[in-house]
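Spelled out from the first residue to the last, the chains are:
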Amino acid sequence: MIQKMLLVCAVCGLFIPLHSASAANELNVVVILDNSGSMNQVMNRGNTRIVAAKQAMWRVLSQAPEDAQIGVVLLNPVRNQKWAVPLGPVEPSVAQEAVESLQAAGNTPLGATMKEAADALLELRDKQKYGTYKLLIISDGEATDRALVEQYLPQIQARGILVDVIGVSMGQQHSLATRTATYRNADDPASLEKAISQVVLGESSTDTDDNTGQSDFDLLASVPSEVAAVSLEALTTPHNEPIGAFAGDPVAGLPNSYQPPQPANAPNNGSNRGGGPGFGTFLMIGFVILILFRVFASIVKAR
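Residues numbered from 1 in each chain as written. Predicted model: local features only at pLDDT ≥ 70, side-chain atom pairs only at ≥ 80, totals over all residues. Heavy atoms only, no water.

(A) How the structure looks around the overall build of the protein chain. Broken down by element type, the protein chain carries ten helices and six strands. Across the 303 residues of the protein chain, 50% fall into the buried class. In the protein chain, of all internal contacts separated by at least 6 residues, the share reaching a separation of at least 24 is 77%. Here the protein chain displays about 14300 Å² of accessible surface, and carbon together with sulfur accounts for 52% of that area. (Helix = DSSP H or I, 4+ residues; strand = E, 2+ residues; numbered from the N terminus. Buried < 20%, exposed > 50% of the residue type's maximum accessible area, 1.4 Å probe, protein only. Contact = heavy atoms within 4.5 Å. Areas by Shrake-Rupley, 256 points an atom, 1.4 Å probe, with all protein chains shown as cover.)

Set out below in structure tokens:
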């Protein structure tokens, strides 16, 4: 059933806008850089984590393609500015000065920053209508507003924005590790620069090898048809409304004191606590969207 739906979509040209996007190879990336107080800790084989992040970030920005649009947003404002580098074409001299002035202090309000970063990407996509849109999170700890992370992550992924995470000198994987397109550990300055470069400049989230020997169609075969149908609609009709503004978004207003279960201890079983779509459903939608991107990429490569 799923295979038939995909073939029908392909034949009917529903993937044409996405094909054009891939061909255009327009890269749009917002990097969420953790500049909380813990980033002042010393990293293996180098200076502090924030110094290593600044050096790596600048090296990557200096190599950005001219047609790429890249922004760097901070968890905590520096000089009253959350955007160290505004989303747009990189101006080397301006970006270098901004990155070098970064300081680490404060908490880890990741959820609120994810919404701000995603909204900027959605506003850009609404204007451009094409391109690849990524959100890269570089962090050495868990969010202090975890309820907002749980609320916004499925909304961001359901809109077709690829989310990648780099864990900086973390003793264990970040809680987002199993729920995003890619996850990388970086325990020293060299691995941090390599990880940032892979996401921002090189390896596409949609091209990541899974090495499972399982085809995308095999993976889709186990997805409920009703979930696939919703995912296909989301994929072929991108929604660029700000996070939380689309009628299909999960209900807003979860208290900040809400502590979601850790994936390792209590896997989400997709149960629906309310009358509308459950959190597990939206996770599944995000998963299916990623698979569909891979299927689409395979179709493009085959051509």
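(B) Seen up close, the side chain of Asp-140. Inspection of the secondary structure puts Asp-140 in the loop between strand 4 (132–139) and helix 6 (146–158). Within the structure, Asp-140 has its side chain in polar contact with the side chain of Ser-38 (distance 2.8 Å). (Polar contact = N/O pair within 3.5 Å; in protein donor to acceptor, adjacent residues only side chain to side chain.)

(C) Here's a closer look at the packing of helix 5 (residues 110–128) against helix 6. For the pair helix 5 and helix 6, the least separation of the axes is 8 Å and the interaxial angle reads 25°. With respect to helix 6, the element helix 5 is oriented roughly parallel. For the pair helix 5 and helix 6, the crossing hand works out as left-handed. From helix 5, Leu-110, Gly-111, Ala-112, Met-114, Lys-115 and Ala-118 reach across to helix 6, where they touch Leu-148, Val-149, Tyr-152, Leu-153 and Ile-156. Among the residues making up the contact of helix 5 with helix 6, the classes are represented as nine nonpolar, one polar and one charged. (Axes fitted to C-alpha atoms, helices over the stretch in contact; angles between N-to-C directions. Parallel < 35°, antiparallel > 145°, perpendicular 65-115°, else oblique. Left-handed = near helix turned anticlockwise from the far one by under 90°. Nonpolar A, V, L, I, M, F, W, Y, C, P; charged D, E, K, R; others polar.)

(D) Seen up close, the pattern of salt bridges. Inspection of the entire model under this criterion finds seven salt bridges. A salt bridge links Asp-140 to Arg-49; its shortest N-O distance comes to 2.8 Å. With Asp-140 in the loop between strand 4 and helix 6 and Arg-49 in helix 3 (residues 49–62), this residue pair connects regions lying 91 residues apart in the sequence. Per residue, the accessibility class of Asp-140 equals that of Arg-49, and both read buried. (Salt bridge = Lys/Arg side-chain N within 4 Å of Asp/Glu carboxyl O.)

(E) Broad picture of the pairing of strand 3 (residues 81–88). Across four bridges, the pairing between strand 2 (residues 69–78) and strand 3 is antiparallel. By the bridge assignment, Val-78 is partnered in strand 3 with Gln-81. Two successive antiparallel strands, strand 2 and strand 3, enclose a turn made up of two residues, where Arg-79 displays a positive phi of approximately 55°. (Pairing = 2+ DSSP bridges.)

(F) Region of the structure containing the packing of aromatic side chains. Taken as a whole and judged by the stated rule, the model has zero aromatic pairs. Over the aromatic face of Tyr-133 sits the side chain of Arg-125, whose NZ or CZ is 5.9 Å from the ring centroid. (Phe/Tyr/Trp six-rings, centres within 6.5 Å; stacked < 30°, edge-to-face > 60°. Lys NZ or Arg CZ within 6 Å of the ring centre and 35° of its normal.)

(G) Layout of the packing of helix 3 against helix 7 (residues 189–200). Where helix 3 contacts helix 7, the axes come no closer than 9 Å and their chain directions differ by 40°. In the packing of helix 3 onto helix 7, the handedness of the crossing is right-handed. Facing helix 3, whose interface residues are Ala-52, Ala-53, Ala-56, Met-57, Arg-59 and Val-60, helix 7 presents Pro-189, Leu-192, Glu-193, Ile-196, Ser-197 and Val-200. Of the residues that constitute the contact of helix 3 with helix 7, the class distribution is nine nonpolar, one polar and two charged.

(H) Inspection of the pairing of strand 5 (residues 162–168) at higher detail. In terms of burial, strand 5 is a largely internal element, seven of the seven residues being buried. Judged by which residues are buried, strand 5 turns out to be covered on both faces: Leu-162, Asp-164, Ile-166 and Val-168 on one side and Val-163, Val-165 and Gly-167 on the other are all buried. In this sheet, strand 5 lies alongside strand 4 in parallel orientation, the contact comprising six bridges. Note on strand 5: the bridge partner recorded for Lys-134 is Leu-162.

(I) Focus on the environment of Ser-101. Within the element layout of this structure, Ser-101 appears in the loop between helix 4 (92–100) and helix 5. Residue classification places Ser-101 among the buried positions, given a relative accessible area of 19%. On a C-alpha basis, the gap between Ser-101 and Arg-79 in space is 9.3 Å, while along the polypeptide they are 22 residues apart. Ignoring anything within four residues of it in the chain, the contact list for Ser-101 reads Val-78 and Arg-79.

(J) Molecular detail of unusual backbone geometry. One non-glycine residue with positive phi stands out, namely Arg-79, at about 55°. For Arg-79, the position within the fold is in the loop between strand 2 and strand 3. Overall, the relative accessible area of 67% leaves Arg-79 in the exposed class. Located in the positive-phi region is Asn-80, a residue other than glycine, with phi close to 65°. Along the chain, the position of Asn-80 falls in the loop between strand 2 and strand 3. Here Asn-80 falls in the exposed class, since its relative accessible area comes to 75%.

(K) Broad picture of helix 7. The end-to-end C-alpha distance of helix 7 is 16 Å, a good match for the 16 Å that twelve residues give at a rise of 1.5 Å each. Those residues of helix 7 lying buried are Pro-189, Leu-192, Ala-195, Ile-196, Val-199 and Val-200. Buried residues of helix 7 fall within an arc of 130° about the axis and therefore sit on the same side. Across helix 7 from its buried face, at more than 90 degrees, point the exposed residues Ala-190 and Lys-194. In this fold, the buried residues of helix 7 make contact with strand 1 (27–33), helix 3, strand 2, strand 4, strand 5 and strand 6 (182–186). Two or three places before Ala-190, at the start of helix 7, stands the capping residue Asp-188, its side-chain oxygen 3.1 Å from that residue's backbone nitrogen. (Expected span 1.5 Å × (residues − 1). Arc of directions from axis to C-beta.)

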